[in-house]
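# Descriptive structure summary
So the chains spell out like this:
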Amino acid sequence: MAVLFFTACQSHLPEANYNVIPQPKEVNLEESAKAFTLSETTEIYFADGLQREAEFLSEYINDILGYGLKVNEYQDQPDGILLKLAPADFDQAEAYEITVNPKQIVVKGADAAGVFYGVQTIRKSLPIGELKTANCQLPTGVIRDWPNFGYRGMHLDPCRHFMPLDSVKIYIDMLALHNMNQFHFHLTEDQGWRIEIKKYPELTKVGAYRNGTVIGRNGRIYDSIRYGGFFTQEELRELVQYAAERHVNIIPEIDLPGHMQAALASYPWLGCTGGPYEVWKRWGVSDDVLCAGNEATMQFVEDVLNEVMDIFPSPYIHIGGDECPKVRWEKCPKCQKKIKELGLKKDDRFSAEDYLQSYVMNRMAKVVEARGRRVIGWDEILEGNVSETAIIMSWRGTEGGIEAARKGHDVIMCPTSYLYFDYYQSEDPSTEPSCVGGYLPVSRVYEFKPLPSVLTEEQQKHIIGVQANIWTEYIKSFWHVEYMAMPRMDALTEIQWNNPKDRDFEAFVERCRHQAKLYDLYHYNYAKQIFNPEVYTDTVPTNLATRKPIFLREQPNEQYASKGAPILNDGEKGRIAYNSGRWLGFWGQPLDAVIDLEQPATMSNVRFRALVNKGAWIYNPSHASVLVSDDGENFREVAQLDIPITTWVDKDGNFTYELTFEQVKARYVEVIVKDHMLPEDHDGYGHPAWIFVDEIEIN
Ligand code: ACM
Ligand code: ZN
């Protein structure tokens, strides 16, 4: 009996599962073969240059299984886990291969980064939380894997709210866990300057602290709490080293020439008016920017960039370029003199001041390039005549990236609508920590296609990478950063690493479940909506219309067409996010839907829902009518409803409209919902309002 029991136990050791996040490209198992048994006595052997990778693997095994492994320099071909380099066996950087047999696990990399990603895959494949201090088995087989994009990044803004050094290290750990290799560190803002610059000490003495912060959203009420912090150069060098060990490069951003009010507060001569300025206490885009006509200001930027490049060995230096209002430059004698001097002229595309911004950006690009680095800028830098060497970060959608790739720029995609991780993850913000707004569920991140099909294959090669951004106006703590990042990072890494042709969201969520066990192990705070979808779905009672054939006489706007007409009677109703895929959006067209009840039915009531989001140009409908037919051709109206336009004092939200009529019997029901024109007190006056309609019920 004892022997039998022992054998049974052996075969039920917890097993590793190589289908991790991101999904390795090739996993070939030998199902019937004996597995490798990992235990406390297993040792790790590393080839030259891979000691840190070996130590990481031992640490990870300790985190997960409760025992570390002995780490040795590589000799012969001992049994155990072997880490080695084999650049000749791969045709691209960061690739790896893991071969598992009962005696050995060999992790072979194109380079140390490749070995590191192989180690990450082993780490993520281990059984987690089942039996700590347990032996476990790694199935025999071969895994081959390589990234689709060489640039795989995440951004963090420690300016609006400061994130201490230890938190930033955790962020880098998170990047490494998700096979990301670029950390875009946004170090300067209107609301705080966060990097010590020896030549300009006031930047951190004055510029790193604000005397209060706006309360709530758009108001002008401030707390009076001095708020701030900064990183010393010594801390940043330590961080660079910490990241490099994890194969993460840190890209510092000095945001030029806008978003500079904290610098202006430190040295008022940097601005056009000379101030006085204060470190900004509210969110948005400040009109006060660097004076482009002042040589001393240009020298300042050069000096700052040089100190930044002394600290950060990054091949890329980000020089910002986003959201720079030109109102000060238009009135500044120095800026206007510079425009004359340079012979800059407005044309039908851009103003002279836009070209002045290009002048600043190109001049600073030269400073960066003189030291063998490349500049990255936000997509606004395309407005003017930016030099082709600049890498464009496409954030206001993908259009900037498309234009840039066509012009021959390299491009990093991070459009707000898919990759701004400062947006909500659920449709009901009351269930989440408060953030800037928007709606970006994990499923939408997972849909992002970084290579626009309008580009040729040659142009697509300019899309060098993908990243997500986390701005922190409403994110006050690192606890909240973690929540915003995960599990959306899981979707992001699958796109960065694999850009899969066919995406199976449900299979992905299954992989996420295992990844979430790692999040639990490391005490990461993460969003859980994808694991409990039922909690986040609103259903309507089954009614005559539910899931019956439905078609539209007018097509919705293609941006908000979702899965088409069946959205309207699938039994699930949208909440308040117009881009949730649960609403059909119409602009300048009515909703005109015909439902076939499949047999004559008796009815006396039709209900539908519409959204109001006045800021987004979405208004309630003006008119609704219900028609019925026996043959699907000849319809007669049975009810209509006039709906007065909502006003600014009315609440936005999700409203149900109801048409009740004398009982009729019919097979076909047509529902027509018409729009209002935007009213005089709206920015979009003169245009039609959008209507967003969902779930139609017939009873
Ligand atoms: C940005 O979000 N202003 C780049
Ligand atoms: Zn000026």
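Please refer to the structure higher up on the page.
What you see is a predicted model, and the numbers here were worked out from it, not measured in a lab. (Residues numbered from 1 in each chain as written. Chains lettered and ligands numbered in written order. Predicted model: local features only at pLDDT ≥ 70, side-chain atom pairs only at ≥ 80, totals over all residues. Heavy atoms only, no water.)

### Thoughts on the pairing of strand β28 (residues 591–612)
Filter applied, for reference: Three exposure classes are used, based on accessible area relative to the maximum for each residue type with a 1.4 Å probe and protein chains only: buried under 20%, partly exposed in between, and exposed over 50%. Think of it this way: any DSSP run of H or I at least four residues long counts as a helix, any run of E at least two long counts as a strand, and we number them from the N terminus. Each pair of strands is called paired provided DSSP finds at least two bridges between the two strands.
Taking burial as the measure, the 22 residues of β28 include 16 buried ones, the bulk of the element. Examined bridge by bridge, strand β25 (residues 550–552) and β28 share three bridges and lie antiparallel to one another. The residue of β28 that forms the bridge with Phe551 is Val594. The sheet contact formed by β28 and strand β31 (residues 653–674) spans 17 bridges and is antiparallel. By the bridge assignment for β31, Arg609 is matched with Thr656.

### Points about the coordination of the zinc ion (ligand 2)
Reference values for coordination geometry: four tetrahedral donors around a metal ideally subtend 109.5 degrees, six octahedral donors ideally subtend 90 or 180 degrees. Applicable threshold: For Na, K and Ca the donor cut-off is 3.2 Å; for every other metal, N, O and S atoms count as donors within 2.8 Å. Water does not enter the count, which can leave sites looking incomplete. Tetrahedral means four donors with every angle between 85 and 135 degrees, whereas square planar (four donors) and octahedral (six donors) require angles over 155 degrees between opposite donors and between 65 and 115 for all others; sites fitting neither are termed irregular.
Binding of the zinc ion (ligand 2) to the protein goes through Cys272 (SG), Cys291 (SG), Cys332 (SG) and Cys335 (SG), at separations of 2.2 to 2.4 Å. Classification of the site at the zinc ion (ligand 2) as tetrahedral follows from its four donor atoms and the range of 107 to 113 degrees in their angles at the metal. On the basis of relative accessible area, Cys335 is assigned to the buried category, the value being 0%.

### Considerations on the sheet that holds strand β16 (residues 249–256)
To keep things clear, this is the line we draw: Angles run from 0 to 180 degrees between N-to-C directions of axes, and those axes are lines fitted to C-alpha atoms, restricted for helices to the stretch in contact. Pairs of residues are marked as contacts when any of their non-hydrogen atoms sit within 4.5 Å.
Taking strand neighbours around the barrel as the criterion, the eight strands line up as β10-β11-β16-β17-β18-β19-β20-β23 in a closed arrangement whose pairing is parallel. Ignoring which end each strand starts from, the neighbouring axes of this sheet average 30 degrees apart. One ladder, built from four bridges, connects strand β10 (residues 151–156) with strand β23 (residues 463–468); its direction is parallel. Along β23, the bridge assignment pairs Met154 with Ala468. Contacting β16, β17 (316–320) and β18 (374–378), helix α11 (residues 352–369) runs over the sheet at an angle of about 160 degrees to β17.

### Looking at the side chain of Asp322
Quick note on the threshold: As used throughout, the charge tally considers Lys and Arg to be positive and Asp and Glu to be negative, leaving His and the chain termini uncounted. Salt bridges are defined by distance alone: a side-chain nitrogen of Lys or Arg within 4 Å of a carboxyl oxygen of Asp or Glu. Here a polar contact is recorded for every N or O atom pair within 3.5 Å, except that within protein the pair must consist of a potential hydrogen donor and a potential acceptor, and residues adjacent in sequence are included only if both atoms are side-chain atoms.
Looking at the element boundaries, Asp322 is found in the loop between β17 and α9 (327–331). For the buried Asp322, no salt bridge is present, and the opposite-charge side chain at shortest range is Arg160, 6.6 Å distant. A distance of 3.4 Å separates the side chain of Asp322 from the side chain of His259, its partner in a polar contact.

### Structural notes on the nonpolar core
Heads up, the condition is: Among buried residues, the Ala, Val, Leu, Ile, Met, Phe, Trp, Tyr and Cys ones that are joined through side-chain atoms within 4.5 Å form a nonpolar core.
Among the nonpolar cores identified, the biggest contains 155 residues, and Leu38, Leu138, Met154 and Trp193 are the most heavily contacted of them. Beyond its immediate stretch of four places on either side in the chain, Leu38 contacts Ile61, Leu65, Tyr67, Leu69, Ile81, Leu126, Asn135, Cys136 and Leu138. Within the second largest apolar cluster, 34 residues are counted, among which are Ile550, Ala565, Leu597 and Ala624.

### Quick notes on the packing of aromatic side chains
As a reminder of what qualifies: Pairs were defined over the aromatic rings of Phe, Tyr and Trp, the Trp ring being its six-membered one, requiring ring centres within 6.5 Å. Orientation was assigned from the angle between planes: stacked under 30 degrees, edge-to-face over 60, tilted for the rest. Only lysine NZ and arginine CZ atoms are considered, and such an atom sits over a ring when it is within 6 Å of the ring centre and within 35 degrees of the ring normal.
A complete count under the given rule lists 38 aromatic pairs for this structure. Pairing Tyr267 with Trp269 gives two aromatic rings, centres 5.9 Å apart and planes at 55 degrees, and the pair type is tilted. For Tyr267, a relative accessible area of 11% translates into the label buried. Grouping aromatic residues by their ring pairs yields a cluster made of Phe162, Tyr171, Phe183, Phe185, Phe231 and Phe478. One residue, Arg123, lies across the ring of Tyr60, its end atom 3.8 Å from the ring centre. The ring centre of Tyr418 lies 4.2 Å from the NZ or CZ of Arg444, which sits over that ring.

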